[in-house]
There are 2 protein chains.
Amino acid sequence: MPDLIEVFREHGYEGASLSLIGARTGLGKGSLYHFFPGGKEEMAASVLAEIDAWFEHRVFAPLRGDPDPEAAIAAMFQATDLYFRSGARMCLIGIFALCDARDRFAGAIHGYFATWTQTLAEAMVRSGRNPGEARDIAEDIVGGIQGALVLARAVNDPGVFARALRRLAVRGGGLSSVRHRDTQP
Amino acid sequence: MPDLIEVFREHGYEGASLSLIGARTGLGKGSLYHFFPGGKEEMAASVLAEIDAWFEHRVFAPLRGDPDPEAAIAAMFQATDLYFRSGARMCLIGIFALCDARDRFAGAIHGYFATWTQTLAEAMVRSGRNPGEARDIAEDIVGGIQGALVLARAVNDPGVFARALRRLAVRGGGLSSVRHRDTQP
DNA sequence: CTTGTTATGTACCGATCGGTACAAACATCT
DNA sequence: AGATGTTTGTACCGATCGGTACATAACAAG
């Protein structure tokens, strides 16, 4: 249901009315409630699960499992840029976090951001940083991505996101494996 | 109308129903529409104007006018920490930017973030940085503040905001005048 | 074709939305 | 006191909200 995700992403939880969802997906209420007997809340939950699965597969798992942590971090920045369409796409979970659904989906929201920050910090520890510094940088990066998305949207300039991502990648060491700098003496 | 601001801050534009506003402010519809004939939209606009005035007075003007740019930047971080209650308070304009009111108040939202970024960058230029670097750092700081607010709310830990603000202050040189480091040889 | 299951459109429900109308209450001033 | 102007409460409006009921349409299996 990519359409379903996009409706929630563009209008938030409260703003995504059933009529909007129906118009966007081409499904009537009958179909909608056939696939999601739990109504709007189940639709949003399924969307959140889908997003979580994407990040789990493309970001979190590599950060945890890749034997080369720096490569995994570089891949994370690439995946992030791709997912958010270089700043043209908003973060649905961030939207849910501050707007309308923060209580309803508190668990999923917390899990998403906590997992991201933690797996990133752990990857940094594995690549040689001390734990305290790693947590700081991880928070800086995950928060920086969210803030760049907000800023890019607010001033209507995706370039803000691109620049932020580049800065954050340098800071996280994720560009080193791309630039092949550290491998040179 | 501090209550009015808080209702919008906690529920967003769409979420702040007239019944919620009435309950929070203690005013009935009669009074509400007496003071704001333009209805909800005028209420939100007045709230945005109030916030803009606060930042203009406490942040933007000092950044522009203070003969000591580094002191102004340090004061900015202090004011920011105070305004957002060390991460316990959300940024209403950020909420409006991504959730429900981004089109309706696009001008005010854009102005807020653009002014903040620009005046901060200019202060940095005045304190000796080159313009390109100044813009980068300014975007980093303003975006970082927004992101830290999102993250702090999402994981329900105001400490995230405190740590982020400290990092950003160091990065922006705003702590130098506090620590009295640069004045020593 | 018949049958059983899955999918869909439509009509409806009570609740709430933002907004309007207006008369009673209140204050203010001569 | 009386007259004037400002604040309030309340009843109401049409529209839309999320959700339910149910009859029908589409379809696969036999």
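Let me sum up the structure you'll find in this document. (Residues numbered from 1 in each chain as written. Chains lettered and ligands numbered in written order. Predicted model: local features only at pLDDT ≥ 70, side-chain atom pairs only at ≥ 80, totals over all residues. Heavy atoms only, no water.)

**Let's talk about the packing of helix 8 (residues 131-154) of chain A against helix 9 (residues 159-172) of chain B**
And step 1. At a minimum axis separation of 10 Å, helix 8 of chain A and helix 9 of chain B run at an interaxial angle of 90 degrees. Judged by the inter-axis angle, helix 8 of chain A sits roughly perpendicular to helix 9 of chain B. Residue-level contacts link R135(A), D136(A), E139(A) and D140(A) of helix 8 of chain A to V160(B), R163(B), R167(B) and R171(B) of helix 9 of chain B.
And step 2. For the contact of helix 8 of chain A with helix 9 of chain B, a count of residues per class yields 1 nonpolar, no polar and 7 charged. (Axes fitted to C-alpha atoms, helices over the stretch in contact; angles between N-to-C directions. Helix = DSSP H or I, 4+ residues; strand = E, 2+ residues; numbered from the N terminus. Parallel < 35°, antiparallel > 145°, perpendicular 65-115°, else oblique. Contact = heavy atoms within 4.5 Å. Nonpolar A, V, L, I, M, F, W, Y, C, P; charged D, E, K, R; others polar.)

**Here we look at the protein's contact with DNA strand C**
And step 1. The environment of DNA strand C is made up of 13 residues, and the closest members are H34(A), L18(B), K29(B), Y33(B) and K40(B).
And step 2. Take the atoms of DNA strand C that sit within 4 Å of the protein: sugar and phosphate atoms are 61% of them.
And step 3. G28(A) has a polar backbone atom sitting 3.3 Å from a phosphate oxygen of DNA strand C.
And step 4. H34(A) is positioned with one of its side-chain polar atoms (N or O) 2.5 Å from a phosphate oxygen of DNA strand C.
And step 5. Every element with two or more residues in the surface near DNA strand C is listed here: helix 3 (29-35) of chain A together with helix 2 (18-25) and helix 3 (29-35) of chain B.
And step 6. For the surface near DNA strand C, the leading source of residues is helix 3 of chain A, giving 4 residues.
And step 7. Per-class residue counts for the surface near DNA strand C are 4 nonpolar, 7 polar and 2 charged. (Near = heavy atom within 4 Å. Polar contact = N/O pair within 3.5 Å; in protein donor to acceptor, adjacent residues only side chain to side chain.)

**Description of the packing of aromatic side chains**
For any pair of aromatic rings, geometry is given as the distance between the ring centres together with the angle between the planes.
And step 1. Per the stated rule, a full pass over the model turns up 36 aromatic pairs over all chains.
And step 2. Here F55(B) and W116(B) contribute two aromatic rings whose centre-to-centre distance is 5.4 Å and whose plane-to-plane angle is 45 degrees, an arrangement assigned as tilted. With a gap of 61 residues between them, F55(B) in helix 4 (residues 40-65) and W116(B) in helix 7 (residues 106-126) connect regions that are remote in the sequence. Each member of the pair, F55(B) together with W116(B), is buried.
And step 3. Arranged with centres 4.9 Å apart and planes meeting at 80 degrees, the rings of Y112(B) and F113(B) form a pair that is edge-to-face.
And step 4. On the basis of relative accessibility, which here comes to 0%, the residue F113(B) falls in the buried class.
And step 5. Chaining the aromatic ring pairs together yields one cluster made of W54(A), F55(A), F60(A), Y83(A), F84(A), Y112(A), F113(A), W116(A) and F161(A).
And step 6. Above the ring of Y13(A), the side-chain terminus of K40(A) is found at 4.8 Å from the ring centroid. (Phe/Tyr/Trp six-rings, centres within 6.5 Å; stacked < 30°, edge-to-face > 60°. Buried < 20%, exposed > 50% of the residue type's maximum accessible area, 1.4 Å probe, protein only. Lys NZ or Arg CZ within 6 Å of the ring centre and 35° of its normal.)

**Remarks on the relation of the copies chain B and chain A**
And step 1. When chain B is fitted onto chain A, the two copies agree to an RMSD of 0.0 Å after a turn of 180 degrees and an axial shift of 0.0 Å. Here the transformation between the copies is reduced to the relation of a two-fold axis. When C-alpha positions in chain B are compared against the rotation axis, the closest is assigned to G147(B), at 1.8 Å.
And step 2. Both copies contact each other with a shared surface, as 100% of the interface residues of chain B are interface residues in chain A too. (Least-squares fit on C-alpha atoms with pLDDT ≥ 70 in both.)

**Thoughts on the interface of chain B and chain A**
A common way to express how large an interface is: the accessible area buried when the components associate.
And step 1. Contacts between the two partners involve 30 residues from chain B and, on the opposite side, 30 residues from chain A.
And step 2. A buried area of about 3,000 Å², summed over both sides, lies between chain B and chain A, and 61% of it is on carbon and sulfur atoms.
And step 3. When the buried surface of chain B facing chain A is broken down by residue, L98(B), L151(B) and R167(B) rank first, second and third, together holding 21% of it.
And step 4. Counting across the chain B and chain A interface gives 8 salt bridges.
And step 5. Measuring nitrogen to oxygen at the nearest pair gives 3.0 Å for the salt bridge that ties D140(B) to R171(A).
And step 6. Taken together, the elements giving at least two residues each to the side of chain B that touches chain A come down to helix 6 (92-98), helix 7, helix 8 (131-154) and helix 9 of chain B.
And step 7. Sort the elements by how many residues they give to the side of chain B that touches chain A and helix 8 of chain B lands first, with 13 residues.
And step 8. Of the residues assigned to the side of chain B that touches chain A, the class counts are 15 nonpolar, 5 polar and 10 charged. (Buried area = accessible area lost by both parts, 1.4 Å probe. Salt bridge = Lys/Arg side-chain N within 4 Å of Asp/Glu carboxyl O.)

**Brief notes about the packing of helix 8 of chain A against helix 8 of chain B**
And step 1. For the pair helix 8 of chain A and helix 8 of chain B, interaxial distance at closest approach is 6 Å and the crossing angle is 105 degrees. The orientation of helix 8 of chain A with respect to helix 8 of chain B, classified from their angle, is roughly perpendicular. Mapping the contact onto sequence places E139(A), V142(A), G143(A), Q146(A), G147(A), A148(A), V150(A) and L151(A) in helix 8 of chain A and E139(B), V142(B), G143(B), Q146(B), G147(B), A148(B), V150(B) and L151(B) in helix 8 of chain B.
And step 2. Among the residues making up the contact of helix 8 of chain A with helix 8 of chain B, the classes are represented as 8 nonpolar, 6 polar and 2 charged.

**Quick look at the pattern of salt bridges**
Residue and element names in this part refer to chain A.
And step 1. In the structure shown here, the tally under the stated rule is 26 salt bridges over all chains.
And step 2. Residue R24 pairs with D3 through a salt bridge whose shortest N-O separation is 3.7 Å. With a gap of 21 residues between them, R24 in helix 2 (residues 18-25) and D3 in helix 1 (residues 2-15) connect regions that are remote in the sequence.
And step 3. A relative accessible area of 35% places R24 in the partly exposed class.
And step 4. Of the residues examined, D3 reaches a relative accessible area of 33% and is grouped as partly exposed.

**Topic: the environment of A138(A)**
All names here are of chain A.
And step 1. Note that A138 resides in helix 8.
And step 2. Residue class for A138 comes out buried when judged on its relative accessible area of 0%.
And step 3. Counting along the chain gives 30 residues from A138 to L168, while the straight-line C-alpha distance between them is 9.7 Å.
And step 4. Other than its neighbours up to four places away in sequence, A138 contacts T117, L120, A121 and M124.

The values are spatial; any link to function lies outside them.
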